[in-house]
Amino acid sequence: MRSCRTVTTRRMMSWTPAQTKRGPRGDRSLKRSRAPVRAWEQTLENKSGWSVKANDRAFCNLPEFQKKYLLCLKKSKYAGNGIKTYKYNALTFIPLNLFEQFKRVANLYFLALLILQVSLLKTPLCYTLCYTAVLHRCATPCATPLCYTLCYTAVLHPVLHPVLHPVLHPVLHRCATPFQESKWMNIHVGDVVRLKKNDHIPADILLLSSSNPNSLCYVETAELDGETNLKFKMGLKVTDERLQEEGQLAQFDVCEEPNNRLDKFTGTMRWRKDEFPLDLDNMMLRGCRIRNTDECHGLVIFAGADTKIMRNGGKTRFKRTKIDELMNYMVYSIFVILILVCAGLAIGNSFWYEEVGSRAWYLYDGKDQTASYRGFLSFWGYIIVLNTMVPISLYVSVEVIRLGQSKFINWDLQMYYQEKDTPAKARTTTLNEQLGQIEYVFSDKTGTLTQNIMAFKKCTIAGRTFVDFSWNKYADSKFEYLDHSLVACIRSKKDKETLEFFKLLSLCHTVMLVYQAASPDEGALVTAARNFGFVFLSRTQDTITISEMDQEMTYEVLALLDFNSDRKRMSIILRFPDGRIRLYCKGADTVIYERLSPNSRHKEVTQTALDIFANQTLRTLCLCYKDISKQEFDAWAKKHKDASVAMGNREAALDRVYEQIENNLMMIGATAIEDKLQDGVPETIAKLAKADIKIWVLTGDKKETAENIGYSCELLTDDMQIHYGDDINEKLRLRQASRRDQLPASGRTRKKVPDPFFPEPGKNALIITGGWLNEILYEKKKKRRRLRLKRLGRRPASATPQDSTQPIDDWEKESRQVDFVNMACECEAVICCRVTPKQKANVVSLVKKYKKAVTLSIGDGANDVNMIKTADIGVGISGQEGMQAVMSSDYAFAQFRYLERLLLVHGRWSYIRMCKFLRYFFFKNFAFTLVHFWYSFFNGFSAQVAYEDWFITLYNVMYSSLPVLLVGLLDQDVNDKLSRKFPKLYLPGQQGALFNYKNFFISLFHGIFTSLVVFFIPYGAFLQTMGQDGEAPSDYQSLAVVMASSLIFTVNLQISLETSYWTFVNCFAVLCSIAIYFGIMFDIHSAGIHVIFPSTFTFTGVAPNALRQPYLWLTIILTVGISLLPVIFIQFLCKTIWPSRNRKKYEEEEEEEKKKPAPFQRDRRSRRSAYAFSHSRGYADLIASGRSIRRRPAVAQHTAGPHLTDLARSESMQRL
């Protein structure tokens, strides 16, 4: 179950008028037309139309908007805003939970046995069998644990996830305003909502107006695409100017289709017989957050499950471990063995009765039944007698062990994050051992690997590579740049280049008031300038005001040349108060160095500093300036004006004009910004890599940013060969062409061992984008659309594609996917950038499908939910992007570094403990059950049990369960420090080496051997014996006691030999189990209990009589010794002659893997200037046009003046 997001403390303003008039039916945009449709596209459009009417909830409930959802029941196609993330609700809990539990074949097996036992007890067949008492004994131990297991597991789910249904809180109303305060869950499509600063957006909303100029609204989209920079949304001009009165907000509607495209929205707003186009810039999506906007209004277009983020969220899946799946197949195997054994014994019974039983007068039972019929009855009798090959107590113990392991994760103080008071949380108990088998980790970047914090770390000024800020009243108290020489240089005001450096940072940017930047990098640079005494105060369309060392200065902005992906730089041209004109420029070193003046100084020294910064994985930027004469600027300004009004290729024309002014620059210095990683990220990735766990980073961020973070966290190294989209396409094309050439000879069969894509030695890494992934994934929706087009005859299918590099059919598409997965899995690292939440999930699905590997996804935002649900294990980080990832996860903690301990310690221990537990449990039950098989050869195959009835009942419950249960909870082969020091100890789990069919059959043959010894040695001792009193105690009951006692000693000493980590509790459990056996045995064999229950306890006095004979104790000792001797011998050989991998060998491997760091490769320029390469276009257009500054004429607004400057100065103290 998942917690329900509908119950939340976040509220917003929603307004629904008491009386709203609907227009005539003909005005509705979704009216069903009876006229013939000319084209099939129009037909599809009309069938899938989406219409919203403002402040008219009744409109959404009209009959034409109803759809069937259950038989003849209908509901509105417009979803409510309630989000359900749990697995069950009150109605579906019992059926879905039972369905999930009966996916275990063992539960079906026990249910069938229980039905068989009960049916036999109520039919005349039971009276013809000689094991009627056994039926009564076996029915209880089968029914009780089965009911306990089902109930325990069912109760455990709501205990771990207590929210079963949405909690409905009352709606709070306000009387002073037409708006009423409401919970998220009460919002409906068509409502007009009012949001305030820092509110989370509750649904997909069309922006109508805001308190900012021209209805600008700034939103943070980290939960959608992982980017922390602010993005601006803008309302339509008509809604900004004409819909300011609340009474006007109910007079328009909007049409759009729900979809999962986060980068696209197409709609039309109809108002007063006019139509206005809508796009994504007008939409605020659920999952975003309002920033730097005091208030805004919007119309709910999509709510709840129809929102784009929920369309990308994926479905909640039932997850099972590989061990669970393997145990299902083992139960099938055991059932087949059971059937074969029972059939063989039934044939033996028929043969014995034909040859012996029918001829012995003293065995005649008065029933004239044929040998075949008696054999048939014997078959069902042995089915019940031998059913303990798979005891129901096995699954009870497994659930207890898993619960204990989950509690150990919750209680681990080394995974407790003290700063936020956040402990680790195991939100499921069914996947713990799977943590020890992870092969691939899929990680988000923003908020998972990084902290979403940009920090100004270093700089080089005029060739010098360089902080108490008590002297600066505007300083940020959390700024961490400690170089006192730089502070002294600035305070002295003698070094003009240093002052010019920070003046450039405070002037050359597109940051707007209150430090709202287009990217966190931009904000970090302006914040750094502020801390060094150059404070950005305010800007207008034509001016920018700063405080230079407590002196306020205003500069005239003549031109603003913004960043774009091609220019990789930005410039600003300013007129100084003394009339000078200067251009300030900052950008990537690759483009700046090409434009430097031959007379520029410090180029070589700055280049060296840039290399050093890049080796430290810092994001660098070069700063330079140029003085411009008035005549030169006037000539350039005329060209700039012509280019800005060009009707075609305007951006290219502007770029050419920019090139003409951005030349002959003078170098000032360079900055170095750190995209702060979470603590311990590089070390964690390095440890996981040594454990042969491959890490893929799936992020919505830009390629250059993702690549830079890859180097920062040491996922990428300088000795790796990086392969991008074109290189990958070429390799896939060659493989496809090779496959087509081989088709005539070999047919469409793939090679079992394909040739490697990277045959040359060395490490490789892939960096691909979401657009490139679309060519690989071939989403199902696109397939369905192509099939629909083909049926309509609009695009005939062709035998050969137009592009020979593209796959011809589905088989080639699947082959291309396999090739991509094989290529990616050959690499040490894979980074997928600019991917949508759905693409993240699809990448995980590809690896699961074609590699059959155990996967883990880790993320912290709503855009990671689908990926977390798709992977075998989902881990949520409670970071800065909300709790959506945590609520959908299987495990949750606060820091990425805890993943190392979760996998290498808890996961590995859980896997080893579970494997050891299962191997031993199968052994002890084979040893216990097969004694009945050997005894059958001496009782005429009559389904007579070899032990006392109560021993059969209590064997798995009281006599042998506690020691193995503690091994499953507490055993350790090495402690946690060694588990982390030697990550290769994790490899056996990935290979499934500790529990597989080989181990299963070893346990089977070990159990067969032990059962042979436990039966035949006491049997041989009882053939010709004489007691101390001269009597021969060679009766069945004494034999049963000796065999049972030998078995209890054997299985408890066997688990002692298997225990690697001894504690007082383990020792006590072994001794206590043996003591409990003898205590209960002497009690149920006493005369007193026989007097009370004469028909139930029939072994009166057997134990005291048998165990007072010394030779029977010698028999028990001999039986136990022979049973354990092979185990001791094999363990001695394994630990001395055939050791697996000891600590010394791992230490040698550690030494061999230590290598000197590779030198910096100077051609990796994008890594060095990742900020400039990844920077998106800023707010230059808004600033130049004045839209972000000028207020509406209808509303009185403050103009830029002294009071605005004072406000900016006070607000500039706020951190980004």
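This is a predicted model, so every value here is computed, not measured. (Residues numbered from 1 in each chain as written. Predicted model: local features only at pLDDT ≥ 70, side-chain atom pairs only at ≥ 80, totals over all residues. Heavy atoms only, no water.)

Some remarks on the overall build of the chain
- Summing up its helical and strand segments, the chain has 43 helices and 33 strands in all.
- Taking all 1216 residues of the chain together, the buried fraction comes to 56%. (Helix = DSSP H or I, 4+ residues; strand = E, 2+ residues; numbered from the N terminus. Buried < 20%, exposed > 50% of the residue type's maximum accessible area, 1.4 Å probe, protein only.)

Some words on the sheet that holds strand E9 (residues 230-234)
- Strand order in the open sheet made by the three strands is E9-E8-E14, with antiparallel pairing throughout. Here the strands that pair on one side only, and so sit at the sheet edges, are E9 and strand E14 (289-291). In this sheet, neighbouring strand axes are inclined to one another by 45° on average, regardless of whether the strands run parallel or antiparallel.
- Bridge count for strand E8 (residues 216-220) against E9 is five bridges, and the pairing is antiparallel. Bridge pairing links Leu216 to Met234 in E9. (Pairing = 2+ DSSP bridges. Axes fitted to C-alpha atoms, helices over the stretch in contact; angles between N-to-C directions.)

Description of the packing of helix H24 (residues 810-825) against helix H25 (residues 837-851)
- Running from N to C, H24 and H25 cross one another at 95°; their axes reach a closest spacing of 10 Å. One finds that H24 runs roughly perpendicular with respect to H25. Mapping the contact onto sequence places Glu814, Gln817, Val818, Phe820, Val821, Asn822 and Cys825 in H24 and Leu846, Val847, Tyr850 and Lys851 in H25. (Parallel < 35°, antiparallel > 145°, perpendicular 65-115°, else oblique. Contact = heavy atoms within 4.5 Å.)

What about unusual backbone geometry?
- The backbone of Lys568 sits at a positive phi, close to 60°, despite the residue not being glycine.
- Structurally, Lys568 is set in the loop between strand E22 (551-561) and strand E23 (569-575).
- Even without glycine at this site, Lys852 takes up a positive phi of about 50°.
- As for its position among the elements, Lys852 is in the loop between H25 and strand E31 (855-859).

Here we look at the sheet that holds strand E18 (residues 450-461)
- What the nine strands build is an open sheet, ordered E19-E18-E26-E25-E24-E23-E22-E21-E20; its pairing is antiparallel. On the outer flanks of this sheet lie strand E19 (464-465) and strand E20 (534-539), each paired with one strand and no other.
- Where E18 lies against E19, two bridges are found, and the strand directions are antiparallel. In the sheet register, Thr460 faces E19, and the bridge partner there is Thr465.
- Contacts between helix H16 (residues 603-615) and the sheet are confined to E18, E19, strand E25 (619-628) and strand E26 (666-677), with E18 contributing the most and set at about 155° to the helix.
- Strands in contact with helix H17 (residues 630-644) are E22, E23, strand E24 (581-587) and E25; relative to E25, the strand with the most contacts, it is inclined by about 110°.

Considerations on the confidence of the model for the chain
- Looking at the chain as a whole, its pLDDT mean stands at 77, while 75% of the residues score no less than 70.
- Every residue in residues 1-48 scores below 50 in pLDDT, and together they form 119 contacts with partners more than four places removed in sequence or on other chains. (pLDDT = per-residue confidence, 0-100.)

As for the UniProt feature "binding site: Mg(2+)" (unreviewed entry) in the chain
- Under the local residue numbering, the UniProt record ascribes the feature "binding site: Mg(2+)" (unreviewed entry) to Asp444, Thr446, Asp860 and Asp864.
- In this fold, Asp444 is placed in the loop between strand E17 (440-443) and E18.
- Within the structure, the side chain of Asp444 is placed 3.4 Å from the side chain of Lys840, a separation counted as a polar contact.
- Setting aside residues no more than four positions away along its own chain, Asp864 makes contact with Asp444, Lys840 and Gly859. (UniProt positions renumbered as here; feature names shortened; annotations may be inferred. Polar contact = N/O pair within 3.5 Å; in protein donor to acceptor, adjacent residues only side chain to side chain.)

Considering the nonpolar core
- Residues Leu394, Phe917, Leu918, Tyr947, Phe951, Phe995 and Leu1047 are the most contacted members of the largest nonpolar core, which totals 92 residues.
- Among the elements that make up this core, the one with the highest residue count is helix H28 (residues 898-936) (17 residues).
- If sequence neighbours within four positions are ignored, Phe917 has contacts with Leu394, Ser397, Val398, Ile401, Val964 and Gly968. (Core = buried A, V, L, I, M, F, W, Y, C linked by side-chain atoms within 4.5 Å.)

Some remarks on the packing of aromatic side chains
- For the structure shown, the criterion picks out 50 aromatic pairs.
- Judged by centre distance (6.4 Å) and plane angle (5°), the ring pair of Phe922 and Phe995 falls under stacked. Linking Phe922 in helix H28 with Phe995 in the loop between helix H32 (987-991) and helix H33 (997-1023), this pair joins segments that are 73 residues apart in sequence.
- A relative accessible area of 4% places Phe995 in the buried class.
- These aromatic residues form a ring-pair network of at least three members: Phe933, Trp934, Tyr935, Phe937, Phe938, Phe941, Phe1015, Phe1016, Tyr1019, Tyr1036 and Phe1099.
- Over the ring of Phe921 we find Lys924, and its NZ or CZ is 4.1 Å from the ring centre. (Phe/Tyr/Trp six-rings, centres within 6.5 Å; stacked < 30°, edge-to-face > 60°. Lys NZ or Arg CZ within 6 Å of the ring centre and 35° of its normal.)

Remarks on the pattern of salt bridges
- This model, assessed by the stated rule, comprises 32 salt bridges.
- When the shortest N-O distance is used, the salt bridge between Asp306 and Arg311 registers 3.4 Å.
- Taking the relative accessible area as the measure of exposure, Arg311 reaches 35% and is therefore partly exposed.
- Of the charged contacts, one joins Glu556 and Arg575 as a salt bridge, the two residues approaching to 3.1 Å between their closest N and O atoms. One end of the pair, Glu556, is in strand E22; the other, Arg575, is in strand E23, and 19 residues separate them in sequence.
- When its relative accessible area of 35% is taken as the criterion, Glu556 is described as partly exposed.
- Note on Arg575: relative accessible area 26%, which makes it partly exposed.
- By sharing partners, the salt bridges in this structure join Arg567, Arg569, Glu594, Arg595, Glu659 and Glu662 into a single network. (Salt bridge = Lys/Arg side-chain N within 4 Å of Asp/Glu carboxyl O.)

Observations regarding the UniProt feature "transmembrane region" (unreviewed entry) in the chain
- Feature annotation in UniProt assigns "transmembrane region" (unreviewed entry) to the following positions: residues 329-353, 373-398, 917-938, 950-970, 1000-1024, 1036-1055, 1067-1093 and 1113-1134.
- As annotated, residues 1000-1024 has a helix share of 96% and a strand share of 0%, and its two end C-alpha atoms lie 38 Å apart.
- Secondary structure across residues 1036-1055 comprises 100% helix and 0% strand; the distance between its end C-alpha atoms is 29 Å.

A closer look at the environment of Ile1008
- Residue placement: Ile1008 occurs in helix H33.
- Taking relative accessible area as the criterion, Ile1008 reaches 23% and is therefore assigned partly exposed.
- On a C-alpha basis, the gap between Ile1008 and Leu930 in space is 6.7 Å, while along the polypeptide they are 78 residues apart.
- In this view, Ile1008 contacts Leu930 and Trp934; residues no more than four positions away in its chain are not counted.

Focus: a nonpolar patch on the surface
- The grouping of Phe937, Phe938, Leu1012 and Phe1016 at the surface amounts to a nonpolar patch, some 350 Å² of accessible area in total.
- Here Phe937 is to be found in the loop between H28 and helix H29 (949-959).
- For Phe937, a relative accessible area of 45% translates into the label partly exposed. (Patch = residues over 30% accessible without salt bridge, like charges linked within 9 Å, V, L, I, M, F, W, Y side chains within 5 Å. Areas by Shrake-Rupley, 256 points an atom, 1.4 Å probe, with all protein chains shown as cover.)

Section: the side chain of Arg427
- Within the secondary structure layout, Arg427 lies in the loop between strand E16 (425-426) and E17.
- Although Arg427 lies buried, it forms no salt bridge, and the closest oppositely charged side chain, Asp890, sits 7.0 Å away as judged by the N-O distance.
- Here Met887 takes part through its backbone oxygen, which lies 3.0 Å from a polar atom of the side chain of Arg427.
- Polar side-chain contacts of Arg427 include one of 3.2 Å to the backbone oxygen of Ser889. (Lys, Arg positive; Asp, Glu negative; His and termini not counted.)

Thoughts on H17
- Spanning 15 residues, H17 covers 20 Å between terminal C-alpha atoms, matching the ideal 21 Å at 1.5 Å per step.
- For H17, the complete set of buried residues consists of Phe633, Trp636 and Ala643. Projected onto a plane normal to the axis of H17, the buried residues spread over an arc of 80° and lie on a single side. Among the exposed residues of H17, those oriented more than 90 degrees off its buried face are Gln631, Lys638 and Lys641.
- In this structure, the buried side of H17 is in contact with E22, E23, E24, E25 and helix H18 (650-661). (Expected span 1.5 Å × (residues − 1). Arc of directions from axis to C-beta.)

Here we look at the side chain of Thr428
- Its location among the elements puts Thr428 in the loop between E16 and E17.
- Classification of Thr428 by relative accessible area gives buried; the value is 10%.
- At 3.1 Å, the side chain of Thr428 and the side chain of Thr430 are in polar contact.

Some points on the packing of H28 against helix H30 (residues 961-970)
- For the pair H28 and H30, the least separation of the axes is 7 Å and the interaxial angle reads 160°. In terms of axis orientation, H28 runs roughly antiparallel to H30. Relative to H30, H28 is oriented so that their crossing is right-handed. Residue-level contacts link Arg913, Lys916, Phe917, Tyr920 and Phe921 of H28 to Val964, Val967, Gly968, Leu969 and Leu970 of H30. (Left-handed = near helix turned anticlockwise from the far one by under 90°.)

Things to note about helix H14 (residues 520-531)
- Taking 1.5 Å as the rise per residue, H14 with 12 residues should run 16 Å; its terminal C-alpha atoms sit 16 Å apart, in good agreement.
- Extensive coverage of H14 is indicated by the burial of 12 of its 12 residues.
- Along H14, the residues classified as buried are Pro520, Asp521, Glu522, Gly523, Ala524, Leu525, Val526, Thr527, Ala528, Ala529, Arg530 and Asn531.
- Immediately downstream of H14, the backbone of Gly533 shows phi near 100°, a positive value.

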